[in-house]
Amino acid sequence: TEYAQRNNITILNTYVDRALSARSADRPEFQRMIRDSDKNLFDAVLVWKLDRFSRDRYDSAHYKHILKKNGVKVISAKENISDGPEGIILESMLEGYAEYYSAELSQKIHRGQHDNAMKCKNNGGNPPLGFVVDKQIGKLVIDPVNAPLVKEIYERYDHGERICDIKDSLNNRGIKTNKGKAFTICGVSLILKNRKYIGEYKYRDVVIPDGIPAIIDKDLFERVSIRMKANQKAPRGQKRRRNTC
């Protein structure tokens, strides 16, 4: 905004894709800006730096070409790029560095996540019901409030109750999931299939048995798995009687 004021540029619209990486052109507001350029609504796109436009050289060249055909120029508020031949070299270097920085950062993040996984540390995401993240050690630990609920779900299913009935019972008691929502058949099914409950840590291709505290013993988990597989293979009518409303 300050750059526009200093250079007598009138801002007609803003296009903001919050929390979306410029590594991809699949950004709703970015694509709206490209479409609007075809309507002759503006003659320049002002960005903070070129890496806000794109961190992919090929996307950058493709969409700048579209803007250029529509009579629109891309201007960087923080990078003084001339219109001469030297500006072409500078712009290419800046775009290449932006892509390099993005790729290097991604590589460091993946390396860090792999190192975390080898130590059975949590790599983000909402922990499953019955677990919480101990922020001091960065690992999943048993939630004393909801872990008994997980045991209850497994034991009730093991004793022959239907997933639908378990789901209804939980909802009737006003119990919520970790996300504060009502239980669904799919949600209860996922709980009954989650190997974290027998202590198995998994992140991408890293699988570590007994890497986290177990809530369910392996025998109970195995019995539940056998029953679920049997229900999946049961004839349609029989399956409906066993496992649905």
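Further up the page is the structure itself.
Residues numbered from 1 in each chain as written. Predicted model: local features only at pLDDT ≥ 70, side-chain atom pairs only at ≥ 80, totals over all residues. Heavy atoms only, no water.

1. Observations concerning helix 6 (residues 147-158)
Compared with the 16 Å implied by 1.5 Å per residue over twelve residues, the 17 Å span of helix 6 between its first and last C-alpha is a close match. The set of residues buried in helix 6 consists of Ala147, Leu149, Val150, Ile153, Tyr154, Arg156 and Tyr157. Just downstream of helix 6 lies glycine 160, where phi reads positive at about 110°. (Helix = DSSP H or I, 4+ residues; strand = E, 2+ residues; numbered from the N terminus. Expected span 1.5 Å × (residues − 1). Buried < 20%, exposed > 50% of the residue type's maximum accessible area, 1.4 Å probe, protein only.)

2. What to know about the pairing of strand 3 (residues 131-134)
Sheet topology places strand 3 next to strand 4 (residues 139-142); four bridges connect them, and they run antiparallel. Along strand 4, the bridge assignment pairs aspartate 134 with lysine 139. Counting the residues in the hairpin turn of strand 3 and strand 4 gives four residues, including glycine 138, whose phi is positive at 70°. (Pairing = 2+ DSSP bridges.)

3. A few points about the packing of helix 7 (residues 163-172) against helix 8 (residues 185-193)
One way to put it is that helix 7 packs onto helix 8 with a least axis distance of 9 Å and a crossing angle of 110°. In this view, helix 7 runs roughly perpendicular relative to helix 8, as classed from their interaxial angle. Residues Ile163, Cys164, Ile166 and Lys167 of helix 7 form the contact with helix 8, whose own contacting residues are Ile185, Val188, Ser189 and Leu192. Taken together, the residues of the contact of helix 7 with helix 8 sort by class into six nonpolar, one polar and one charged. (Axes fitted to C-alpha atoms, helices over the stretch in contact; angles between N-to-C directions. Parallel < 35°, antiparallel > 145°, perpendicular 65-115°, else oblique. Contact = heavy atoms within 4.5 Å. Nonpolar A, V, L, I, M, F, W, Y, C, P; charged D, E, K, R; others polar.)

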